[in-house]
Structure formats: structure tokens, C-alpha cells
Amino acid sequence: MFEKILIANRGEIALRINRACHEMGIKTVAVHSTADADAMHVRLADEAVCIGSPLAKDSYLNKAAIISAALITGADAIHPGYGFLSENADFAEMVEEHGLTFIGPTPKMIRLMGDKITAKKSAIEAGLPVVPGSKGSVDTIEQAIQTAHEIGYPIIIKASAGGGGKGMKIAFNDEELKEMYPIARREAKSNFANDIVYMEKYLQNPRHIEIQVLADTHGNVVHLGERDCSLQRHNQKVLEESPSPALNKEQRQKIGSIVCNAMKNLGYSSVGTIEFLYENGEFYFMEMNTRIQVEHPVTEMVTGIDIIQEQIRVANGAVLDLTQEDVHFDGFAIECRINAENPETFIPSAGKVTTWHAPGGLWVRVDSEVYAGYVIPPYYDSMIAKLIVFGRTRNSCLMRLKRALEEFVIEGVQTTIPLHQKIIAQPDFIDGQYNIHWLENFLKKQEEIKREEETSSQSGEK
Ligand code: ADP
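Throughout, residues of each chain are indexed from 1 in the direction in which the sequence is written. Under the rules for a predicted model, residues below a pLDDT of 70 receive no local features and side-chain atom pairs below 80 are neither given nor counted, while totals for whole chains, interfaces and linings still include all residues. No hydrogens and no water enter the side-chain calculation; it runs on all heavy atoms of the structure.

(A) Representation of the nonpolar core in the model. Residues grouped as a nonpolar core are buried Ala, Val, Leu, Ile, Met, Phe, Trp, Tyr and Cys residues, joined through side-chain atoms within 4.5 Å. Buried residues are those whose accessible area, probed at 1.4 Å on protein chains only, stays under 20% of the maximum for their type, while exposed residues exceed 50% and partly exposed ones sit between those limits. L387, I410, I423 and F429 are the most contacted members of the largest nonpolar core, which totals 39 residues. A helix here means a DSSP run of H or I that spans at least four residues, while a strand means a run of E at least two residues long, and both kinds are numbered starting from the N terminus. Elements represented by at least two residues in this core include exactly strand 11 (236–242), strand 14 (332–339), strand 19 (383–391), helix 12 (394–407), helix 13 (417–423) and helix 15 (438–461). Broken down by element, this core gets its largest block of residues, five residues, from helix 12. Excluding anything up to four places from it in sequence, L387 contacts I334, E335, C336, I338, P359, V364, R365, V366, L401, A404, L405 and F408. Every residue pair with non-hydrogen atoms within 4.5 Å of one another is taken to be in contact.

Rendered as C-alpha cells:
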């Protein structure tokens, strides 16, 4: 087993990886920017190296500085976490060239899945169901119109190098397509320095359901069920749950085995997530994330499997010690992403956390780097905590979540806790009746109610 792992990340995921390593008897090295010198991941690691100034490009994205830190401290492997360099094939290659292990899949696999067009082609070849769409890139407006007529409106134009839900354009007819196609290419160029776009049928009311897999380098693959991540704002996940309220055991087994076969066909190793849109009982492959994901804890809660420890073991060449029959799904888990933001305007709220009291009790997990007195730096993602709860039934899980959100005290900055409290009180959410548009529609309605209240109170004052 590795003796020392360098964690090339910050925040809650750096702490999460640190915990997994210490429980396996592995020493850790934290890296940090000058803005994170007092961070908890730095305090809890066995060693720490400052790798640059606050901006991510100068520190957490500074490949040479991270590799130097690993070599100086004698680490055997680098865990990239999520975001930053976790899906950067060049970095994974550099790590290997320096005789270190990159805890993730091969650089070739990262590259294949990082480009959406090659990812979709590989998914089709591996046997995954995909959204009907263009064969490859769509290079001219004439080709765009022809493709739209073949697959039928509405369509969505997506950037091949895309990510983070940016630069996607929807068209319902030829006219809209003529207008949107050049805009999509321009936005792809400015966001991703690559103006190659492709087209897909636009599904109008799908859910986002993803399958977690775990694969070793010896051809063994298991799936750990699904996560329903349909609650999104601007294509960013807000709350995730497992199992999905939309799937039963047979459907889970069916899509799980399709995915496992596809991963075997691809020769995939490490943890990974295959994201699908799900509508009218059908799954449509969207993309694959070749790294650990923010929402992995809900899967850990319902399977009892430490996904990061498994990821480290398979990176070290171990044979998976689980077969599909060993994976048992038990109960219900929900995760709320708590951001330091105004819960109505979503404007980031950096600054000092004056009071911090995290909820506890049975089956409540809080993954966070925050402590009382911690100053949230303005340079990074605004997620400051993940609250994950488990219940034997979905109802008990919801009741526990309600209780835990009430118990959470964070002062000094604004957080999205009130938003989560509102979401979980909605009948649609309680009934599991939601799709990828539900949250944005809900927020729009909330805004309208607020505006009406303001108008009526103003007219009352007159
Ligand atoms: P990114 O990598 O930018 O996040 P994805 O391909 O994962 O892009 O898509 C992000 C989100 O965009 C999805 O979760 C979904 O809400 C929406 N989306 C993507 N493709 C389609 C489609 N064909 N039909 C409807 N919505 C889509």
C-alpha cells in the first residue's frame, strides 16, 4: 500500500481524503495557497506545503508546484479530489512521468471522457444508451438544420469541450436554430477556447440520474447504485439523494449491469460516475466523470462502502474485494450542499464564520472544513459544507434532515440553509415528484410571491 499520499485539493474534499488515508494508516501531505494557510486540511495533514498565491491558477492548478511538493515530501501518490486538476489528463501524465501514482483512471481514459464528442462515441461503442443527436461535430448552419430535421425539435447545442453547464443553447424551430447556432459557437470559443459544437434532442422533463461505479485494474467492475441529482440551479447540483424516487430495484439492476458491462468494454479502472438523463423510463447517457464526486457520500450511506478508500486501493493495484452480490442497498440518504451565499440572490458571502455549530446525532454526517473563527476566502467555490443524513425510510430521512437543518447554526456569513428548509417542505419534493427544471421553477415562483408581497405592502403604506 502507499505510504504517503499528497492531496492536491482544499476544503471539505481535502479533509475527506485525509480521513480516508489516516484510517488506512497512510500518511498525508496537504498543499495550500497562501490564502489557506490556516485551513483545517492543512492542520490535520501530517505535512503541508505552500504551493502559491491565492488564485487557483497560481496554486491548486499549478502542476509543477504540486509535483515538486510530492517529490520533496516523498509522497508515492497524488489524490486530485474533484474540480481543479482532477480531470486534467496532462497532469495525470506528468504525475506518472515523475514516478508517482495518479489516484484516478489512466490519462487516456480521462482524455477520452473529457471531450464530449469522443465520450459519446465511446459510450455508444461500449453499449450505453445515448440521447439521439448528431454523429459528431456540427460544423455549419446547413448541417445544423439538417440534423435538427433528422432528430426533430426541440434540440440542444452543446460545446464539445464544455463543462459546468456553460454555453448550451436550445432551439424549438429553424429560426431559433439559425439565431442560436452562431451564439453557441461563439460562447464555446470564449469559455473553452474551442468552438466545436454538437447537437442533441432536447429532453423536456428529464431527471438527472447517475450511476456510481468502482473498477479495478484487473477487469472487475461493480456499481453502487444511483444518485438522483435533478435538483439543480443553473445546471449546478443543489441537493442529491439515493436511491432515486423514480427507480425500482429491477430498473436499478438493469441500468447498473448495462453500465458495468460498458465499463468492462472500455477497460475503465478507478471510481467513476456515468451521468444520464432519465425520461419516460429511458436512460440517456450525458457524460462520464472520471473522478470522485461531491455527492459520493449519499452512496456511502446506503451501501456502507467507503468509496475513497476503495479508490485508493484500486489505484494501488489491488483486486476489488467486492462482487456485485456483496453490494447491498439499505435505506435512504439525502445530501444538502450548503453554500456561503445569500439564499435568495445567491450572491457569495465570504468572510468570518463567527459561530459554527454543526448538527449531530444518529445518521447525520457533516463534511466541512469550517470551524468557528474560520475566514472563508473569496477565491474559491462557495460550498462550505455538505450535510448528509440517512434514514431507514425516505420519510424518516426527511424528518432527520429537517431536524438537522434546524440544528445547524452558522453565523457571520449567509448560507443556503433556509433554501434547503424550503425545498424539503414542498409536497412535490416530499413525494419525489421533481425533474431538472423543478428547482428553477420553484425559485421563480418564490420571487413572484416576494414581489407581490412587496407591492401589496407598498400600496398598504400609502
Ligand atoms: P456540463 O458538463 O456542462 O455540466 P452536461 O452534458 O452534463 O454538461 O449537461 C448539464 C445539464 O444540462 C444537464 O444536467 C441537463 O440539465 C442539461 N442537459 C444536457 N443535455 C440535455 C438534453 N439533451 N436535453 C435536456 N437537457 C439537457
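Right, picking up where we left off after that structure.
(B) Spatial organisation of the sheet that holds strand 6 (residues 155–159). By definition, two strands form a pair when at least two bridges between them are found by DSSP. Pairing is antiparallel across the open sheet formed by three strands, whose spatial order is 7-6-8. Of all the strands in the sheet, just strand 7 (169–171) and strand 8 (197–201) have a single pairing partner and so form its edges. If you compare each strand with its neighbour and ignore which way they point, the axes differ by 25° on average. Taken together, the five bridges between strand 6 and strand 8 define a ladder with antiparallel strand orientation. By the bridge assignment for strand 8, I155 is matched with K201. Only the stretch in contact is used when a helix axis is fitted, and all axes are lines through C-alpha atoms; the angle between N-to-C directions ranges over 0 to 180 degrees.

(C) Main features of the packing of aromatic side chains. For Phe, Tyr and Trp, rings pair up if their centres lie within 6.5 Å, where Trp contributes its six-membered ring, and each pair is then called stacked (planes under 30 degrees apart), edge-to-face (over 60) or tilted (otherwise). One pass over the structure, following the stated rule, counts 12 aromatic pairs. Relative to F408, the ring of W356 lies with its centre 5.2 Å away and its plane at 70°, an arrangement referred to as edge-to-face. One end of the pair, W356, is in strand 16 (residues 355–357); the other, F408, is in the loop between helix 12 and strand 20 (409–411), with 52 residues separating them in the sequence. Summarising the burial analysis for this pair, W356 and F408 share the class buried. Geometry around Y371 places R43 over its ring, the cationic atom sitting 4.6 Å from the centre. Lysine and arginine charges are scored as sitting over a ring when NZ or CZ, respectively, is within 6 Å of the ring centre and within 35 degrees of the ring normal. Directly above the ring of F329 sits R252, whose terminal nitrogen or CZ lies 5.8 Å from the centroid.

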